[in-house]
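# Observations on chain architecture
Chain residues, written in single-letter form:
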Amino acid sequence: MNKFIVQVNGPAYGSTASFRALKFCQAATSAGHQVIKVFFYQDGVQNSNSLHCPASDEINLHQLWVDFSQSQQVPLINCVSAALRRGVLSEQDAIENSKSQWNSASEFTMGGLGELVSGIEHADRLVCF
């Protein structure tokens, strides 16, 4: 059994990176491997935006990530710096920055690059999309 940490750099829409990362995670866990955590970086933080409203004939990548996290008990971590730069805020970030709203789903946790580094230390492989 291998332990993976997965880094997602692409947004939910406009790139295939997030979809490919999700399919990798699903295949890895189905094959008996472990995904320690998924770290969303750069435009990948857009995957946590709970305000995505895809058309009825499109897949809802945001919900698929939430479902994967819940079914496999895999933490979803947003890079807080990348998220704030792109207007993706958790409830706590909204409070700290005097904003009246937030849009990051509660299933996604804000963290720094230290989260990525600690994950790499405990993983056999880092896989980036």
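Above this text sits the structure in question.
Residues numbered from 1 in each chain as written. Predicted model: local features only at pLDDT ≥ 70, side-chain atom pairs only at ≥ 80, totals over all residues. Heavy atoms only, no water.

### Some details on the environment of His-62
- With respect to the helices, strands and loops of the structure, His-62 is situated in helix α2 (residues 61-72).
- Using a relative accessible area of 8% as the deciding quantity, one classes His-62 as buried.
- Taking the C-alpha atoms as reference, His-62 lies 8.8 Å from Gln-46; in sequence the two are 16 residues apart.
- Every residue in contact with His-62, bar those within four places of it in the chain, is listed here: Asn-47, Ser-48, Asn-49, Ser-50, His-52, Ala-105 and Phe-108. (Helix = DSSP H or I, 4+ residues; strand = E, 2+ residues; numbered from the N terminus. Buried < 20%, exposed > 50% of the residue type's maximum accessible area, 1.4 Å probe, protein only. Contact = heavy atoms within 4.5 Å.)

### Some remarks on the pattern of salt bridges
- Inspection of every chain in the model, using the stated rule, returns two salt bridges.
- One salt bridge in this structure joins Glu-115 and Lys-37, with 3.2 Å as the shortest N-O distance. In this pair, Glu-115 sits in helix α5 (residues 113-122) while Lys-37 sits in strand β2 (residues 34-40), placing the two residues 78 residues apart along the sequence.
- For Arg-86, the salt bridge goes to Asp-43, with nearest N and O atoms at 2.7 Å. Within this pair, whereas Arg-86 is found in the loop between α3 (80-85) and α4 (91-96), its partner Asp-43 is found in the loop between β2 and α2, the two being separated by 43 residues in sequence.
- The partly exposed category is assigned to Asp-43, whose relative accessible area is 36%. (Salt bridge = Lys/Arg side-chain N within 4 Å of Asp/Glu carboxyl O.)

### Some details on the pairing of strand β1 (residues 3-8)
- Of all six residues that make up β1, five are buried, and the element is covered over most of its length.
- Pairing of β1 with β2, which is carried by six bridges, proceeds in the parallel orientation. The residue of β2 that forms the bridge with Ile-5 is Lys-37.
- Viewed along the sheet, the connection from β1 through helix α1 (residues 17-30) into β2 turns out right-handed.
- Here β1 pairs with strand β5 (residues 125-128) via four bridges, running parallel. Paired with Val-6 across the two strands is Val-127, which belongs to β5. (Pairing = 2+ DSSP bridges. Right-handed = clockwise from strand over helix to strand, strands pointing away.)

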